[in-house]
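# Remarks on the overall topology
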Amino acid sequence: MAAFGWLTPRRRSATARSVLAGEAAAEAARKSTQDESVSVSAPDGEPQFPVHGDDRAAAFFDLDNTVMQGAALFHFGRGLYKRKFFRTRDLARFAWQQAWFRLAGVEDPEHMQDARDSALSIVQGHRVSELKSIGEEIYDEYMAERIWPGTRALAQAHLDAGQKVWLVTAAPVEIAQVIARRLGLTGALGTVAESIDGVYTGKLVGEPLHGPAKAEAVRALAAAEGLDLSRCAAYSDSHNDIPMLSLVGHPYAINPDSKLRKHARELDWRLRDYRTGRKAAKVGIPAAAGVGAVAGGTAAAIALHRRRR
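So, a few notes on the structure that sits alongside this text. All residue numbers refer to position in the chain's written sequence, counted from 1. At least 70 in pLDDT is required for a residue's local features to be given in this predicted model, at least 80 for side-chain atom pairs to be given and counted, and no such filter applies to totals for whole chains, interfaces and linings, which use all residues. Processing note: side-chain calculations cover all non-hydrogen atoms of the structure and skip hydrogens and water entirely.

## Topic: the overall build of the protein chain
Summing up its helical and strand segments, the protein chain has 10 helices and 8 strands in all. Relative accessible area decides the class of each residue, using a 1.4 Å probe on protein chains only: under 20% of the type maximum gives buried, over 50% gives exposed, and in between gives partly exposed. Within the span of the protein chain, comprising 309 residues, buried residues form 55% of the whole. Each helix corresponds to a stretch of at least 4 residues labelled H or I by DSSP, and each strand to a stretch of at least 2 residues labelled E; elements are numbered beginning at the N terminus.

## Notes on the packing of aromatic side chains
Under the pairing criterion, centres of Phe, Tyr and Trp rings, with the six-membered ring standing for Trp, must be within 6.5 Å; the plane angle then separates stacked pairs below 30 degrees from edge-to-face pairs above 60, leaving the rest tilted. Scanning the model with the defined rule gives 2 aromatic pairs in all. Taking the centre distance of 4.1 Å and the plane angle of 5° together, the rings of F61 and Y235 count as stacked. Of the two residues, F61 is situated in strand β1 (residues 58-62) and Y235 in strand β6 (residues 233-236); the sequence distance between them amounts to 174 residues. Accessibility assignment for this pair places F61 and Y235 in one class, buried. With 4.6 Å between their ring centres and 20° between their planes, Y235 and Y252 make a pair best called stacked.

## Section: the pattern of salt bridges
The term salt bridge refers to a side-chain nitrogen of Lys or Arg lying within 4 Å of a carboxyl oxygen of Asp or Glu. The tally for this structure, following the rule as stated, stands at 13 salt bridges. D140 is the partner of R182 in a salt bridge, and the nearest nitrogen-oxygen pair spans 2.3 Å. Here D140 lies in helix α5 (residues 128-143) and R182 lies in helix α7 (residues 173-182), a separation of 42 residues in the sequence. Among the residues examined, R182 registers a relative accessible area of 28% and is labelled partly exposed. In this structure D140 comes out as partly exposed when scored by relative accessible area, which is 48%. Linked through salt bridges whose partners overlap, the residues forming this network are E136, D140, R181 and R182.

## Regarding the sheet that holds β6
Only when DSSP finds a minimum of two bridges between them are two strands counted as paired. Strand order in the open sheet formed by 6 strands is β3-β2-β1-β6-β7-β8, and the pairing between neighbours is parallel. Each edge of the open sheet is held by one strand with a lone partner, namely β3 (187-191) and β8 (270-272). Here the strands of the sheet are splayed against their neighbours by 20° on average, with no regard to which way each runs. The pairing of strand β7 (residues 250-254) with β8 spans 3 bridges and is parallel. Looking across to β8, one finds that I254 is bridged to R272. Contacts from helix α6 (residues 149-160) reach β1, β2 (164-172), β6 and β7 within the one sheet, and its direction differs from that of β1 by about 160°. The contact rule is simple, with two residues in contact once any of their heavy atoms fall within 4.5 Å. Each axis is a line fitted through C-alpha atoms, and for a helix only the stretch in contact is used; angles between axes span 0 to 180 degrees, taken between their N-to-C directions. The strands touched by helix α10 (residues 258-267) within the sheet are β6, β7 and β8, with β8 carrying the most contacts at an inclination of about 145°.

## Digging into the side chain of D241
On the secondary structure map, D241 appears in the loop between β6 and α9 (242-245). The class for D241 is buried, based on a relative accessible area of 1%. If near-sequence neighbours (up to four positions away) are discounted, D241 is found in contact with D62, G211, K214 and S236.

## Examining the environment of L260
When you line up the elements, L260 lands in helix α10. Of the residues examined, L260 reaches a relative accessible area of 0% and is grouped as buried. Excluding residues within four positions of it along the chain, L260 makes contact with S236, D237, S238, H239, I242, L245, A253 and W269.

## What about α7?
Counting buried residues along α7, 9 of its 10 residues qualify, which places the element largely inside the surrounding structure. Buried within α7 are the following residues: V173, E174, I175, A176, Q177, V178, I179, A180 and R181. Following α7 by one or two positions, G184 adopts a phi angle in the positive range, close to 80°.

## Topic: the packing of α5 against α7
Taken N-terminus to C-terminus, the directions of α5 and α7 make an angle of 50°; their axes are 9 Å apart at the nearest point. On the basis of the axis angle, α5 is oblique to α7. When you trace α5 past α7, the crossing you get is right-handed. Contacts between α5 and α7 pair V128, L131, K132, G135, E136, Y139, D140 and M143 from the former with E174, I175, V178, I179, R181 and R182 from the latter. Looking at the contact of α5 with α7, its residues break down into 7 nonpolar, 1 polar and 6 charged. For classification, angles of less than 35 degrees are called roughly parallel, those exceeding 145 degrees roughly antiparallel, those between 65 and 115 degrees roughly perpendicular, and all remaining angles oblique. Left-handed describes a crossing in which the near helix is turned anticlockwise from the far one by less than a right angle; the clockwise case is right-handed. In this classification, Asp, Glu, Lys and Arg are treated as charged, Ala, Val, Leu, Ile, Met, Phe, Trp, Tyr, Cys and Pro as nonpolar, and every other residue, Gly included, as polar.

## Section: the nonpolar core
The nonpolar core is taken to be a set of buried Ala, Val, Leu, Ile, Met, Phe, Trp, Tyr and Cys residues, with the residues joined through side-chain atoms within 4.5 Å. Of all hydrophobic cores here, the largest spans 40 residues; its most connected members are F61, F76, M143, L167, I179, L185 and Y235. For this core, the element with the most residues is α5, which contributes 7 residues. If you look at the next biggest cluster of nonpolar residues, it comprises 25 residues, including V168, L209, A234 and V248.

## Digging into the packing of helix α2 (residues 72-82) against α5
The geometry of a pair of packed helices is captured by two quantities: the angle between their axes and the separation between those axes. Contact geometry for α2 and α5: axes closest at 9 Å, N-to-C directions at 105°. Taken together, the axes of α2 and α5 are roughly perpendicular relative to one another. Only L131, I134, G135, I138, E141, Y142 and M143 of α5 make contact with α2, whose side of the interface consists of A72, H75, F76, R78, G79, L80 and K82. Residue composition of the contact of α2 with α5, grouped by class: 8 nonpolar, 3 polar and 3 charged.

By themselves, these are just geometric observations and shouldn't be taken as functional.
In structure tokens form, the structure reads like this:
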């Protein structure tokens, strides 16, 4: 699922599911946007980037620890507990997973898989529409204050240049779409779960959108949107997203874990770190980013709720 073993020969059988997950995420993202700029000078004499008016370029942002401190899945679980969707022992598990994530700064495969398995066990039989409405409230309560201003400014620079900006995350696609809309982004690629007539079946479409599946989602969306990936940018904190970062012509390591930092330095990728009090490297964009609602809508996706009756 989220295991690093995806990249080893013994897990090659997961590739087909990764492709399926990626294509489903791309379809959900485009459906969502269908339902509902100034050039920036780069430092040190580099060419302007993003390029104003380049409609074949776009930007793809990982969510957890790149755009937002911590994991969206765990913040959402905290909000659900407040609304008595599950028991105290479940909250304790969420709290431990979130504490580990914040301390380690990387995605732990076992923790992430446990959270998603729990989600699937409680979603079956519930309506897709429930998640979107409660997700709006939880964003305001727990997520809004955890957005990294520096990463948000990077996204705004692409929007100001007339480019589309997409979140790409293993989080449930409905939650990802709420966050994207509230940040004024174009839309979101997220994990998609099967639903029939607006009701969850408890099954995923392919795999969670993680690792290689993210790359497949970006590839599928780029093909559908007519994008040139060599002119696109991607941003992530995790070495798990090296497949996605390697697809584009402008990869950025944001708040990178140690493996991604090493890889980025070896390939001369740009790095930005917003986790400390020290002044971050100049990025050639305004420090403040305005936000305007761009896209909305919802699609069949994995959820994390069961209302106690």
